[in-house]
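# Structure assessment
Read off the chains here:
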Amino acid sequence: MKVILCRVVAFVLTAIFLTGCASVNKAPAEQELAAKKFAVDPSSAQLYIYRDQILGAAISMPVSVNGQVIGTTGPSSFFKLNLDEGTYTITSQGDKSSLDLQAEAGSTYYVWQQVKMGLFAAGSKLQLVDEETGQTGVAKSSLIEASY
């Protein structure tokens, strides 16, 4: 049994290394610089969804807000959305990949997409984090264009 498990793990790791890094649709540099100023807009809620890990670099992870796919993350990437006040459900792939958010105008929210490697597939866990943690993660990442 251990031999089979070792072979499966070796196969998965080899496949990951051979496929290279996932590509994402990066935003222009000036938009990224503006997003990383973390300016508060009193008329809307600011939502950052970021993935600052290298783990699972070959895997793109889809992200949806209220059932609408906004794009896919790759390693060290983030989305920034301006939201109206209201309730939002953010989802990605994985067992613990859903997060409900009550957005208020003038507030900023940071959601960390933590990649989780499974035996046969990767998943993610979405976690609401504090401002310092979120800004640190976003600062290490590149802005992705969102379709929302």
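It should be noted that the structure appears before, not after, this text.
Since the structure is predicted, the reported quantities are computational estimates derived from the model, not experimental observations. (Residues numbered from 1 in each chain as written. Predicted model: local features only at pLDDT ≥ 70, side-chain atom pairs only at ≥ 80, totals over all residues. Heavy atoms only, no water.)

### Some remarks on the pattern of salt bridges
Going through the model one piece at a time under the given rule, you end up with 2 salt bridges. We note a salt bridge from Lys36 to Glu32, for which the minimum N-O separation is 2.8 Å. The exposure class assigned to Glu32 is buried, which follows from its relative accessible area of 19%. (Salt bridge = Lys/Arg side-chain N within 4 Å of Asp/Glu carboxyl O. Buried < 20%, exposed > 50% of the residue type's maximum accessible area, 1.4 Å probe, protein only.)

### Here we look at the sheet that holds strand β3 (residues 68-73)
The 4 strands lie next to each other as β3-β2-β5-β6, forming an open sheet whose pairing is antiparallel. Two strands bound the open sheet, and with one partner strand each, they are β3 and β6 (98-103). With strand direction ignored, the average angle separating the axes of adjacent strands in the sheet is 25°. Relative to strand β5 (residues 86-91), strand β2 (residues 61-65) runs antiparallel, the two being bridged by 2 bridges. Bridging across to β5, Ser64 finds its partner in Thr91. (Pairing = 2+ DSSP bridges. Helix = DSSP H or I, 4+ residues; strand = E, 2+ residues; numbered from the N terminus. Axes fitted to C-alpha atoms, helices over the stretch in contact; angles between N-to-C directions.)

### With respect to the side chain of Thr73
The topology assignment puts Thr73 in strand β3. Overall, Thr73 belongs to the buried group, its relative accessible area being 0%.

### Structural notes on unusual backbone geometry
One non-glycine residue, Phe38, lies in positive phi territory at about 55°. Considering the arrangement of structural elements, one finds Phe38 in the loop between α2 (29-35) and β1 (45-51). The class for Phe38 is buried, based on a relative accessible area of 17%. You will see that Ser76, though not glycine, has its phi angle at about 55°, which is positive. Here Ser76 lies in the loop between β3 and β4 (77-83).

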